[in-house]
Amino acid sequence: MDLRNVDLGAALRRIADRRIEQAMDEGKFNNLEGEGKPLDLEPVPADEEAKAMYWAVKLCRQNNVLGDAMKKEALRRTTSE
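About the criteria used
Sequence order as written defines the numbering, with residues in each chain counted from 1. Local features in this predicted model are restricted to residues whose pLDDT is 70 or higher, and side-chain atom pairs enter the listing and the counts only when it is 80 or higher, whereas totals over whole chains, interfaces and linings include all residues. Only hydrogens and water are set aside when side-chain values are computed; all heavy atoms of the structure are taken into account. The numbering of helices and of strands both runs from the N terminus, where a helix is a DSSP run of H or I of at least 4 residues and a strand a run of E of at least 2. In the sections that follow, a salt bridge refers to a side-chain nitrogen of Lys or Arg positioned within 4 Å of a carboxyl oxygen of Asp or Glu. Each residue's exposure class comes from its accessible area (1.4 Å probe, protein chains only) as a fraction of the maximum for that residue type: buried when under 20%, exposed when over 50%, partly exposed otherwise. For a helix, the expected span equals 1.5 Å multiplied by the number of residues minus one. Think of the arc as the fan of directions from the helix axis to the C-beta atoms. Nitrogen and oxygen atoms within 3.5 Å of one another constitute a polar contact, given that in protein one can donate a hydrogen and the other can accept it, and given that sequence-neighbouring residues count only through two side-chain atoms.

A.B. asks: Describe the environment of Val-57, with residues and values.
C.D. replies: Relative to the assigned elements, Val-57 resides in helix H2 (residues 48–62). Residues Val-57 and Ala-11 lie 46 residues apart in sequence; the distance between their C-alpha atoms is 30 Å.

A.B. asks: Just give me the short version of the pattern of salt bridges, but keep the residues and values in it.
C.D. replies: On inspection of all chains with the given rule, the structure shows one salt bridge. Across the pair Glu-26 and Lys-28 runs a salt bridge, and its minimum N-O distance is 3.2 Å. The exposure class of Lys-28 is exposed, given its relative accessible area of 56%.

A.B. asks: Account for H2, with residues named and values stated.
C.D. replies: Residues separated by three or four positions in an α-helix point in the same direction, a consequence of the helix having 3.6 residues per turn. For H2, which comprises 15 residues, the first-to-last C-alpha distance of 21 Å matches the rise-based estimate of 21 Å (1.5 Å per residue) to within 8%. Within H2 the residues assigned to the buried category are Ala-50, Tyr-54, Val-57 and Lys-58. When H2 is viewed along its axis, its buried side chains cluster within an angular range of 105° and face the same direction. In this structure, H2 carries Glu-48, Glu-49 and Leu-59 as exposed residues pointing more than 90 degrees from its buried face. Capping of H2 at its N-terminal end is provided by Asp-47; its side-chain oxygen lies 3.2 Å from the backbone amide nitrogen of Glu-49. With its phi angle positive at about 55°, Asn-64 sits one or two positions after the end of H2.

A.B. asks: Just give me the short version of unusual backbone geometry, but keep the residues and values in it.
C.D. replies: Its identity is not glycine, yet Asn-31 carries a phi of approximately 60°, on the positive side. Looking at the element boundaries, Asn-31 is found in the loop between helix H1 (8–25) and H2. Given the relative accessible area of 69%, Asn-31 is considered exposed.

A.B. asks: Report on H1, specifying residues and quantitative values.
C.D. replies: Over its 18 residues, H1 runs 26 Å from end to end, which matches the ideal 26 Å to within 8%, given 1.5 Å per residue. Buried within H1 are the following residues: Ala-10, Ala-11 and Ala-23. The N-terminus of H1 is capped by Asp-7, whose side-chain oxygen sits 3.3 Å from the backbone nitrogen of Gly-9. Gly-27, located one to two residues past H1, shows a positive phi value of around 80°.

Fair warning: the whole summary comes from geometry, so function is off the table for now.
Here it is in structure tokens:
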């Protein structure tokens, strides 16, 4: 088989979809924290550097590891781009 023309991204998405469906069938997503509550979705910047900063800040914020000065700078960087 010639793998040069295989869409690896599509193949990985199909595998992920199957695994998620299997986990749902097995009830692995039942009774999760926040079940039934709306998702906190924020717009993600299109620029790759800004996107990386966005996710880094989001993870730090979720784990309470950002100081006040870092929060202000991160907010400035992620909203100005």
